[in-house]
Amino acid sequence: LWSSSSSSPSEAFSSTPSPPGGRSRRDSGRDAKGLVQKVKDSSHANEVLGLLDEHALHINVFVITTAIGKLRRFGKSREALQLFERTRARGVEQNVATYCAAISACGRDWKKASQLMRDLQEAHMEPNISTYNALLSACAKGGQWEKALEFCAELQRR
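What comes next is a walk through the structure. These numbers come from a predicted model, not from an experiment. (Residues numbered from 1 in each chain as written. Predicted model: local features only at pLDDT ≥ 70, side-chain atom pairs only at ≥ 80, totals over all residues. Heavy atoms only, no water.)

Looking now at the nonpolar core. Within the largest apolar cluster, 33 residues are counted, with the highest numbers of intra-cluster contacts made by I68, I103 and L116. Going through the elements one at a time, α4 (61–73), α5 (77–89), α6 (96–104), α7 (110–122), α8 (129–141) and α9 (145–157) are the ones with two or more residues in this core. The residues touching L116, leaving out its near neighbours within four places in the chain, are L81, F84, E85, R88, Y99, A102, I103 and C106. (Core = buried A, V, L, I, M, F, W, Y, C linked by side-chain atoms within 4.5 Å. Buried < 20%, exposed > 50% of the residue type's maximum accessible area, 1.4 Å probe, protein only. Helix = DSSP H or I, 4+ residues; strand = E, 2+ residues; numbered from the N terminus. Contact = heavy atoms within 4.5 Å.)

Bringing the environment of P127 into the picture now. Secondary-structure assignment places P127 in the loop between α7 and α8. For the pair P127 and M117, spaced ten residues apart in sequence, the C-alpha separation works out to 7.7 Å. Non-local contacts of P127, meaning those with residues more than four positions away in its chain, are made with M117, L120, Q121, Y132 and R158.

Here we take up α9. Here α9 spans 18 Å end to end across 13 residues, near enough to the 18 Å set by a 1.5 Å rise per residue. Looking at the buried positions of α9, the neighbouring elements they touch are α7 and α8. (Expected span 1.5 Å × (residues − 1).)

On to the pattern of salt bridges, then. Under the defined criterion, the tally for this structure stands at five salt bridges. Here E85 makes a salt bridge to R88, at a shortest N to O gap of 2.8 Å. Here the residue E85 and the residue R88 both occupy positions in helix α5, the gap between them amounting to three residues, near one helical turn. A salt bridge links D119 to R88, with the nearest nitrogen and oxygen atoms 3.2 Å apart. Of this pair, D119 sits in helix α7 while R88 sits in helix α5, and the two are 31 residues apart along the sequence. (Salt bridge = Lys/Arg side-chain N within 4 Å of Asp/Glu carboxyl O.)

So, about the state of the cysteines. With the rule as written, the count across this model stands at zero disulfides. In this structure C139 is a free cysteine whose sulfur lies 8.8 Å from that of C152, the closest cysteine sulfur available. Residue class for C139 comes out buried when judged on its relative accessible area of 0%. (Disulfide = S-S within 2.5 Å.)

Look at α5 against α7: their axes get within 13 Å of each other, and the N-to-C directions meet at 30°. The orientation of α5 with respect to α7, classified from their angle, is roughly parallel. The hand of the α5/α7 crossing is left-handed. Contacts between α5 and α7 involve L81, F84, E85 and R88 from the first element and K112, L116 and D119 from the second. Tallied by class, residues from the contact of α5 with α7 come to three nonpolar, no polar and four charged. (Axes fitted to C-alpha atoms, helices over the stretch in contact; angles between N-to-C directions. Parallel < 35°, antiparallel > 145°, perpendicular 65-115°, else oblique. Left-handed = near helix turned anticlockwise from the far one by under 90°. Nonpolar A, V, L, I, M, F, W, Y, C, P; charged D, E, K, R; others polar.)

Printed below as a string of structure tokens:
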């Protein structure tokens, strides 16, 4: 289940040596990203997220984007969106890639995907082709071809 010799997130974290004098913000960011990247199935995803909080590891935009993508790929879209909302509420920086991962996690919930696209634009970020692709996918899965055409037209105007 894990890419290292560890059998669980807890073992992987506890086997990571701490630098003398504790963890620096940079070291904890690397530890957090490494921990998230080791997840190989959904049974460990929540444990990893708990460890990130419990050990106060530096949770940055790259860690969050990776975690959201992993959760979505494991069929845990609800948890992916909860993580996105929880970290956004905590003031963790979001970027276009993070929003794209969250929009992709919406599945057929085109209304939620549309709201996230509006939120991205209201945050003065410019959606890219991947973000529109994720939004169009949500519209298609939700059977909203008219909305998909509207978003295509919006993309062409940009």
